[in-house]
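Here is how the chains run, residue by residue.
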Amino acid sequence: MTRVVYVNGQYLPYGQAGVHVEDRGFQFADSIYEVCEVDQGRLVDETRHLERLERSLGELRIPMPMSRRALGHVLRETVKRNRVQTGLVYLQISRGAAPRDFPFPTGDIAPTIVCLARRVDGAKRAARAAAGIAVKTMPDIRWGRCDIKTVMLLPAVLAKEAAAADGAQEAWLVDSEGFITEGASSNAWIVDASGTLITRPTGNAILPGVTRRSLFDLLMGEKIPFTERPFRVEEAFSAREAFITSASGTVMPVVAIDGRPIGNGHPGELTRRLRSNFHQAVEFSR
Ligand code: PMP
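Note that the structure is predicted; figures quoted are calculated from it, not measured.

The assigned domain composition of the chain is domain 1 (4-120) and domain 2 (125-285). Relative placement of domain 1 and domain 2: their C-alpha centres are 26 Å apart. At the junction of the two partners, domain 1 supplies 29 residues and domain 2 supplies 24 residues. Interface of domain 1 and domain 2: buried area, both sides summed, is about 2400 Å²; carbon and sulfur atoms make up 54% of it. Contact with domain 2 buries area across many residues of domain 1, yet Tyr 33, Arg 48 and Arg 52 alone supply 28% of it, more than any other trio. In this structure, the connection of domain 1 to domain 2 is made through 3 salt bridges. Between Arg 55 and Asp 147 there is a salt bridge, with the nearest N and O atoms lying 2.9 Å from each other. Where domain 1 meets domain 2, there are 15 residue pairs in polar contact (both at pLDDT 80 or more).

Now the structure itself:
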């Protein structure tokens, strides 16, 4: 658990931190967030996360509350104060607090900023990666702007809950035409019989994952073929390998979809290689 939380300019003990009851993040999910991996006390891909954060804010017309440089400082300071070596740092910015009304409040309201950092059990995560995870397909019932990283996560909560009830660790969301969009909190990938990686192109239907983007760099560096195109559930069932990418799990093998084993039912060889080499392609900062 995080011990020290950054809220609007102050670092406070977890139990004393709070935000206004009329925060628009709470009432309307009028709020965006980022999650960065922390590896050996270093922030992974700070630049790309802050670029995406600025874009998310811009799409919602929430002003940047401070410079990227200052936000980066908050991220790194929160990691330090919580003495996180292996874990995550979470940054959320809402439009701010105002009497409840749908349109944007008039006048100057200060965005609400919250940052927390927490440790992750590295051994547990490694064990999960060694075994691979199961995913469950679920209809994608989210809105038309999944490219914005908002806290409007109820469809993801429901999908993950249904997956967990089936013993799966992630849900793969399926659009009205039978194509997989992405995971509830990750991007979805498969490997075809020729060894080519396939993942859905960016656009309004998916979040442009930072891990996905950095993995492209690794693939280009290692000359591993990949293509960005939509793929169907049936194609995923017969894939040679499958995996998900996210800041919290980096490259995580998928060994079953809806109870059907993928490949030989164990993490694929290429997936394991990408997982072990992933950090070669990222930016570290402290
Ligand atoms: N898609 C969704 C819906 C997500 O919530 C996430 C994780 N936040 C991702 C993809 C992966 O993005 P990233 O690699 O930047 O963590």
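Now that the structure has been shown, the text picks up again.
Judged by nonpolar contacts, the single largest core of 22 residues is most densely connected at Leu 75 and Val 89. Discounting residues that sit within four places of it in the chain, Leu 75 has contacts with Cys 36, Leu 43, Leu 50, Val 89, Leu 91 and Cys 115.

Within the fold, Gly 72 resides in helix H3 (residues 68-81). Judged by its relative accessible area of 0%, Gly 72 is buried. Separated by 25 residues in the primary sequence, Gly 72 and Thr 47 place their C-alpha atoms 8.4 Å from one another. Once residues lying within four places of it in the same chain are set aside, the contact partners of Gly 72 are Glu 46 and Leu 50.

Turning next to the site of the ligand. In the vicinity of the ligand there are 18 residues, among which Lys 149, Glu 182, Val 210, Thr 211 and Ala 247 approach most closely. One of the backbone nitrogen or oxygen atoms of Ser 186 is found 3.5 Å away from a nitrogen atom of the ligand. Between the ligand and Ala 247, the relevant distance is 2.8 Å, taken from an oxygen atom to a main-chain nitrogen or oxygen of the residue. The fraction of the free accessible surface of the ligand (390 Å²) that becomes covered by protein chains is 94%. Broken down by secondary-structure element, the contributors of at least two residues to the shell around the ligand are helix H2 (46-60), strand S9 (180-183), helix H6 (210-221) and strand S13 (241-246). Here the shell around the ligand is composed, by residue class, of 5 nonpolar, 9 polar and 4 charged.

The rules we used
- Residues numbered from 1 in each chain as written.
- Predicted model: local features only at pLDDT ≥ 70, side-chain atom pairs only at ≥ 80, totals over all residues.
- Heavy atoms only, no water.
- Domains from an automatic or database assignment.
- Contact = heavy atoms within 4.5 Å.
- Buried area = accessible area lost by both parts, 1.4 Å probe.
- Salt bridge = Lys/Arg side-chain N within 4 Å of Asp/Glu carboxyl O.
- Polar contact = N/O pair within 3.5 Å; in protein donor to acceptor, adjacent residues only side chain to side chain.
- Core = buried A, V, L, I, M, F, W, Y, C linked by side-chain atoms within 4.5 Å.
- Buried < 20%, exposed > 50% of the residue type's maximum accessible area, 1.4 Å probe, protein only.
- Helix = DSSP H or I, 4+ residues; strand = E, 2+ residues; numbered from the N terminus.
- Near = heavy atom within 4 Å.
- Areas by Shrake-Rupley, 256 points an atom, 1.4 Å probe, with all protein chains shown as cover.
- Nonpolar A, V, L, I, M, F, W, Y, C, P; charged D, E, K, R; others polar.

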